[in-house]
Amino acid sequence: MPLRLAVRDISFFERPVTFARPFRFGAVVVNATPQAFVRVEIEVEGRGTATGASAEFLVPKWFDKRPHLSPQETVAKLRRSLLIARDIYLAHSGFETAFGLHAACIGAQIEACAREDIPPLAAAYGPAEIDKALLDALLRCTETSFFDGMADNIAGVDARLSRDLGDDDVSHFLAGRKRLERVAIRHTVGMDDKVEGDGGVADISENAGARYFKLKLNGDPVHDADRLIRIGNELATLSHDYRVTLDANEQYADLAALNALVERLDRDAALRPIAQKLLYIEQPMPRDITRQSPLGALARRDFIVDEADDSYDAFPVARALGYRGISSKSCKGIYKSLINATRAAKWSADGEKRFIAGEDLTCQAGLAVQQDLALGALIGVTHAERNGHHYVDGFGDTPATEAEAFLAAHPDLYVRDGNKIRLAIHDGDLLTGSLTTPGFATAVHPDWSAMSPLAQPTAIPLEKAV
């Protein structure tokens, strides 16, 4: 049965993280960015109190790619999203289910953020992080694992935000969930990453033995095709089978440009090492253009939306446009992932090919990667983009004592590598056994004393905010 909780406190912290190498996707290159941390205190009706936690990068120029905003300004908007959400959640002082609280707050959050020129995807960031921490606290209070708790629908997830589903659809989906014991990593090849030779895409010391690869595109079909030929030639040398996905991060201007790339994939023999292994193409066009552009004949290939997933109706809209799937990212909201996974299962049972994919906005080792990994393992994501092992050096700037605590608590998920602690990748897979601890996929919390309070967002000049 769902339990009811009341939020007593919400605190935000952050810690700088320096990347081990530049990560270029879309129109931005990220060399460092803060990681936000959320700590909540709740009272569970009839059960007592508990503390929960979550974490996520404050990634620039992804939630909001508008060109007139600087990377720093987009990070400031994410901080505002958190602060606005805290006020809205704390204003609900009575007892409510975890999902009921989310449902009561998300509309007000979108409206309040819109008044500050924060678009829906960035607006959802604040509730997404608070919801994860609230669920962690609820599960800790009841000494229940994420997988057992969600199978029993401890959060009270229902269909009130998704009118195309019924409550029974959601409860039946959750009741049938079984944890995946292994989730394969999908190794990202960023636009600035090396392709050939030592340190290239086929170097096992670089790709950690991955069997899945996510290849970034820049929106120029000629440039992208030529680069994919180079990558395909390298991947063809692997001693094991592989699959690839392509991610344009909204860089293709329109259907005509996208069609030029797909035509090359269909007809160019030099692209066969990619085309024959291609699973899907992710978010090719800008989010606003996506909703106005049915794929038509392009739907012969599988496409998914990611940045266009900015509301609870995004997947039904994308489905009508010819898209087969949608991404799961905990930074967009765990409950939306659960609803979309329910949809994919229901539509597939009716004979359609629909799916939910696991994508990762550089989840850092520790809370972020564990909670996102657990979400994917619950909803059936068999392989997921994982950047934490690649663009950040182990636990990065995390204090050594904190990294050691995560290693001790989750020895199947981390490994000591010299003086660093890193994700432990087993034949291209991450293991999920230790994520069955009470709480949301973590036995330990970060060292709160080793981070700073969330920085106060600087005001954006009025002429830039309109």
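Everything that follows concerns the structure shown earlier in this document.
None of these values were measured; they are calculated from a predicted model.

## Things to note about the overall build of the protein chain
For step 1, the next point in the chain: Along the backbone of the protein chain there are 16 helices and 16 strands.
For step 2, the next point in the chain: For a compact globule of 466 residues, the expected C-alpha radius of gyration is about 23 Å, and the protein chain comes in at 21 Å, within 12% of that figure.
For step 3, the next point in the chain: Seen along its three principal axes, the alpha-carbon backbone of the protein chain occupies a region of about 65 × 50 × 50 Å.
For step 4, the next point in the chain: Residues counted as buried form 61% of the 466 residues belonging to the protein chain.
For step 5, the next point in the chain: For the protein chain, the proportion of contacts with a sequence separation of at least 24, taken over those separated by at least 6, is 76%.

## A few points about the pattern of salt bridges
For step 1, the next point in the chain: On inspection of all chains with the given rule, the structure shows 52 salt bridges.
For step 2, the next point in the chain: Two residues, K65 and E307, come together in a salt bridge whose shortest N-O distance is 2.7 Å. Of this pair, K65 sits in the loop between β3 (48–57) and α1 (71–90) while E307 sits in the loop between β9 (303–305) and α12 (314–321), and the two are 242 residues apart along the sequence. Assigned by exposure class, K65 and E307 land together as buried.
For step 3, the next point in the chain: Two residues, D429 and R182, come together in a salt bridge whose shortest N-O distance is 2.8 Å. One end of the pair, D429, is in strand β15 (residues 429–431); the other, R182, is in strand β5 (residues 182–189), and 247 residues separate them in sequence.
For step 4, the next point in the chain: Bridged by salt links that share partners, the residues R186, K214, K216, D247, E282, E359 and E385 form one connected network.

## Quick word on the packing of aromatic side chains
For step 1, the next point in the chain: A full pass over the atoms with the stated rule returns 14 aromatic pairs.
For step 2, the next point in the chain: A centroid spacing of 4.9 Å and a plane angle of 45 degrees characterise the contact between F23 and F25, whose relative ring orientation is tilted. Judged on exposure class, the residue F23 and its partner F25 are both buried.
For step 3, the next point in the chain: On the numbers, 5.3 Å between centres and 75 degrees between planes, the contact of F63 with Y125 is edge-to-face. In this pair, F63 sits in the loop between β3 and α1 while Y125 sits in helix α4 (residues 125–141), placing the two residues 62 residues apart along the sequence.

## Observations regarding unusual backbone geometry
For step 1, the next point in the chain: The phi dihedral of K61 falls on the positive side, at around 55 degrees, and the residue is not glycine.
For step 2, the next point in the chain: Relative to the assigned elements, K61 resides in the loop between β3 and α1.
For step 3, the next point in the chain: One non-glycine residue, Q283, adopts positive backbone phi at about 35 degrees.
For step 4, the next point in the chain: Its place among the elements puts Q283 in the loop between β8 (278–282) and α11 (287–290).
For step 5, the next point in the chain: With relative accessibility at 0%, the residue Q283 sits in the buried group.

## Concerning the nonpolar core
For step 1, the next point in the chain: With 150 residues, the main nonpolar core has L135, F146, V157, Y335 and Y414 as its most contacted residues.
For step 2, the next point in the chain: Non-local contacts of Y335, meaning those with residues more than four positions away in its chain, are made with A98, F99, H102, D131, L135, A155, V157 and Y312.

## Observations regarding helix α13 (residues 334–349)
For step 1, the next point in the chain: Taking 1.5 Å of rise per residue, 16 residues should cover 22 Å, and α13 covers 23 Å from first to last C-alpha, within 8% of that figure.
For step 2, the next point in the chain: Most of α13 sits inside the fold, with twelve of its 16 residues counted as buried.
For step 3, the next point in the chain: Buried residues of α13: I334, Y335, K336, S337, L338, I339, N340, A341, T342, R343, A344 and W347, and no others.
For step 4, the next point in the chain: Positive backbone phi, approximately 105 degrees, marks G351, located one or two places after α13.

## Focus: the state of the cysteines
For step 1, the next point in the chain: Under the defined criterion, the tally for this structure stands at zero disulfides.
For step 2, the next point in the chain: This cysteine, C105, is not joined by any disulfide, and C113 carries the nearest cysteine sulfur, 12 Å off.
For step 3, the next point in the chain: In this structure C331 is a free cysteine whose sulfur lies 6.8 Å from that of C363, the closest cysteine sulfur available.

## A look at the pairing of strand β13 (residues 414–417)
For step 1, the next point in the chain: Relative to strand β14 (residues 420–423), β13 runs antiparallel, the two being bridged by four bridges. What sits directly across from Y414, in β14, is L423.
For step 2, the next point in the chain: The turn joining β13 and β14, which pair antiparallel and follow one another in sequence, is formed by two residues; a positive phi near 65 degrees is taken by G418.

## Thoughts on the pairing of strand β11 (residues 355–358)
For step 1, the next point in the chain: Here β11 shows a buried face lined by F355 and A357 and a second buried face lined by I356 and G358.
For step 2, the next point in the chain: Direction of pairing for strand β10 (residues 325–328) relative to β11: parallel, over a ladder of four bridges. Paired with S327 across the bridge in β11 is A357.
For step 3, the next point in the chain: Note that the unit made of β10, α13 and β11 has a crossover that is right-handed.

## Notes on the environment of I84
For step 1, the next point in the chain: Among the structural elements, I84 can be located in helix α1.
For step 2, the next point in the chain: Between the C-alpha atoms of I84 and C113, which are 29 residues apart in sequence, the distance is 7.5 Å.
For step 3, the next point in the chain: Look past the residues within four positions of I84 in its chain and what remains in contact with it is Q109, A112, C113, E116 and I118.

## Describing the side chain of R343
For step 1, the next point in the chain: Counting through the fold element by element, R343 comes out in helix α13.
For step 2, the next point in the chain: Given the relative accessible area of 1%, R343 is considered buried.
For step 3, the next point in the chain: Beyond its immediate chain neighbours, meaning those up to four positions away, R343 contacts S162, D164, L165, Y312, F315 and P316.

## Things to note about α12
For step 1, the next point in the chain: Every buried residue belonging to α12 is among A314, F315, A318 and L321, and all of these are buried. With its buried residues spanning 120 degrees around the axis, α12 presents them on a single face.
For step 2, the next point in the chain: G322 sits one or two residues past α12 and shows a positive phi near 105 degrees.

Quick notes on the rules
Every chain is numbered on its own, with residues counted from 1 as its sequence reads. Only residues with pLDDT of at least 70 are given local features in this predicted model, and only at 80 or more are side-chain atom pairs given and counted; all residues enter the totals for whole chains, interfaces and linings. The basis for the side-chain values is all heavy atoms of the structure; hydrogens and waters are excluded. Secondary structure follows DSSP: runs of H or I at least 4 residues long count as helices, runs of E at least 2 residues long count as strands, and numbering of each begins at the N terminus. The quantity called the radius of gyration is restricted to C-alpha atoms. Its globule counterpart is 2.2 Å times the number of residues to the power 0.38. Burial classes: relative accessible area under 20% of the type maximum marks a residue as buried, over 50% as exposed, and values in between as partly exposed (1.4 Å probe, protein chains only). Contact between two residues is taken to exist if any of their heavy atoms lie within 4.5 Å; hydrogens are not considered. In the sections that follow, a salt bridge refers to a side-chain nitrogen of Lys or Arg positioned within 4 Å of a carboxyl oxygen of Asp or Glu. Here a pair means two rings of Phe, Tyr or Trp (six-membered ring of Trp) with centres within 6.5 Å. Their orientation is stacked below 30 degrees between planes, edge-to-face above 60, and tilted elsewhere. We call a set of buried residues a nonpolar core when its members are Ala, Val, Leu, Ile, Met, Phe, Trp, Tyr or Cys and they connect through side-chain atoms within 4.5 Å of each other. Expected span, for any helix, means 1.5 Å times one less than how many residues it has. Disulfides are defined as pairs of cysteine sulfur atoms found within 2.5 Å of each other. Pairing between strands is defined by DSSP: at least two bridges between the two strands are required. Whether a crossover is right-handed depends on one test, that the path from the first strand over the helix to the second runs clockwise when the strands point away from the viewer. Taking the helix axis as origin, the arc is that swept by the directions to the C-beta atoms.

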